[in-house]
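Examining the three-dimensional arrangement
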Amino acid sequence: MTDRDTKLPAPAPTAEESGFLRRWSQRKQAIARGEAPPEPVVAPAPVGASVPAPDPRDERPLPDPASLTLADDFSAFLRPKVPAALKRQAMAQLFSHAHFNQVDGLDVYMDDYNLIPDMDDADRSLLRHARAVLDPTPAKTLTEMEDEALAVAQAAREAAADPSGPDAEVAPEVAPTDDTPLADSDAPAERPTTDDG
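Residues numbered from 1 in each chain as written. Predicted model: local features only at pLDDT ≥ 70, side-chain atom pairs only at ≥ 80, totals over all residues. Heavy atoms only, no water.

1. Thoughts on the overall build of the chain
Broken down by element type, the chain carries six helices and zero strands. Beginning at the N terminus, the succession of helices and strands in the chain can be written as α-α-α-α-α-α. The long-range share in the chain, meaning contacts at least 24 apart out of those at least 6 apart in sequence, stands at 24%. A total accessible area of about 18,600 Å² is found for the chain, and carbon and sulfur atoms account for 59% of it. (Helix = DSSP H or I, 4+ residues; strand = E, 2+ residues; numbered from the N terminus. Contact = heavy atoms within 4.5 Å. Areas by Shrake-Rupley, 256 points an atom, 1.4 Å probe, with all protein chains shown as cover.)

Shown next, in the form of structure tokens:
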């Protein structure tokens with residue numbers, strides 16, 4: 001069986017699609033020949049279709065944004081033909097009302113944390129006691145930790161500069177894995193014996 005036998009035939013293009021494809025092909029061929037492409041044909045409006053009447057609110061003069069109250073209709077300022085500056089003035093007037101300026105209790109930046117009172121001596125001693133019970137190891141101060149880090153860094157620099165110094169580590173001898181004894185460095189080396197006699 002071939003693909004032609006197993007695939008469904010492609011649906012025939014509708015009149016509207018074939019018109020679009022034909023126009024697109026004509027424009028493409030005209031550009032390839034170096035000609036100006038033909039202008040698209042605009043379909044005339046149906047005879048029974050009515051043109052929508054203009055909105056009477058578009059023709060009304062807009063009030064001064066500074067004179068608006070919360071009860072006034074601000075939607076006239078949101079029409080497409082209203083200048084952007086006038087829209088901004090109207091929105092600034094709308095959102096300047098106290099109704100929109102309530103402080104949210106969940107705002108994390110509204111509190112001044114500098115005004116929190118200090119803890120009294122009893123609470124501080126209770127916290128020190130809790131820290132000592134929960135973490136019994138003595139805490140090092142930042143200065144002590146810095147001094148230790150500097151001492152370790154200095155020792156590392158000295159060891160890198162003089163690897164044969166008194167602090168140089170001697171590599172331990174590793175025992176062979178085939179059960180042969182390690183050679184004693186103080187004992188004289190043995191000569192292999194031969195049976196030559």
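That shown, we press on.
2. Structural notes on the side chain of His97
Topologically, His97 is positioned in the loop between α4 (84–95) and α5 (121–134). Exposure remark for His97: the relative accessible area of 18% places this residue in the buried category. (Buried < 20%, exposed > 50% of the residue type's maximum accessible area, 1.4 Å probe, protein only.)

3. Looking at the confidence of the model for the chain
The predicted model of the chain has a mean per-residue pLDDT of 75, with 63% of residues at 70 or higher. For the chain, per-element mean pLDDT is lowest for helix α3 (residues 56–59), which scores 60, and highest for α4, which scores 90. (pLDDT = per-residue confidence, 0-100.)

4. Some points on the packing of aromatic side chains
In this structure the tally under the stated criterion is one aromatic pair. Look at Phe95 and Phe100: their rings are 5.0 Å apart centre to centre, the planes differ by 65°, and that puts the pair in the edge-to-face class. Of the residues examined, Phe95 reaches a relative accessible area of 45% and is grouped as partly exposed. The exposure class assigned to Phe100 is partly exposed, which follows from its relative accessible area of 38%. (Phe/Tyr/Trp six-rings, centres within 6.5 Å; stacked < 30°, edge-to-face > 60°.)

5. Some details on the environment of Glu39
Relative to the helices and strands, Glu39 is located in the loop between α2 (15–33) and α3. Put simply, Glu39 and Arg23 are 16 residues apart on the chain and 9.6 Å apart in space, counted from C-alpha to C-alpha.

6. So, a negative patch on the surface
Among the surface-exposed residues, Asp104, Asp107, Asp111 and Asp112 lie close enough to one another that they form a single negatively charged patch. As for its position among the elements, Asp111 is in the loop between α4 and α5. (Patch = residues over 30% accessible without salt bridge, like charges linked within 9 Å, V, L, I, M, F, W, Y side chains within 5 Å. Salt bridge = Lys/Arg side-chain N within 4 Å of Asp/Glu carboxyl O. Lys, Arg positive; Asp, Glu negative; His and termini not counted. Charge placed at Lys NZ, Arg CZ, Asp CG, Glu CD.)

7. Quick look at the pattern of salt bridges
Counted by the stated rule, this structure contains two salt bridges. Put simply, Glu35 and Arg33 hold a salt bridge, and the shortest N to O gap is 3.3 Å. Look at Arg33 and you get exposed, because its relative accessible area is 53%.

8. Quick look at the nonpolar core
Judged by nonpolar contacts, Leu68, Phe74, Phe77, Ala90 and Leu94 together constitute the single largest core of five residues. Filtering out sequence-adjacent residues up to four positions away, Phe77 remains in contact with Leu62, Pro63, Pro65, Leu68, Val82, Leu86, Lys87 and Ala90. (Core = buried A, V, L, I, M, F, W, Y, C linked by side-chain atoms within 4.5 Å.)

9. As for a nonpolar patch on the surface
On the surface, Phe20, Leu21 and Trp24 cluster together to form a nonpolar patch covering roughly 350 Å² of accessible area. Tracing the backbone through its elements, the reader meets Trp24 in helix α2. On the basis of relative accessible area, Trp24 is assigned to the partly exposed category, the value being 49%.

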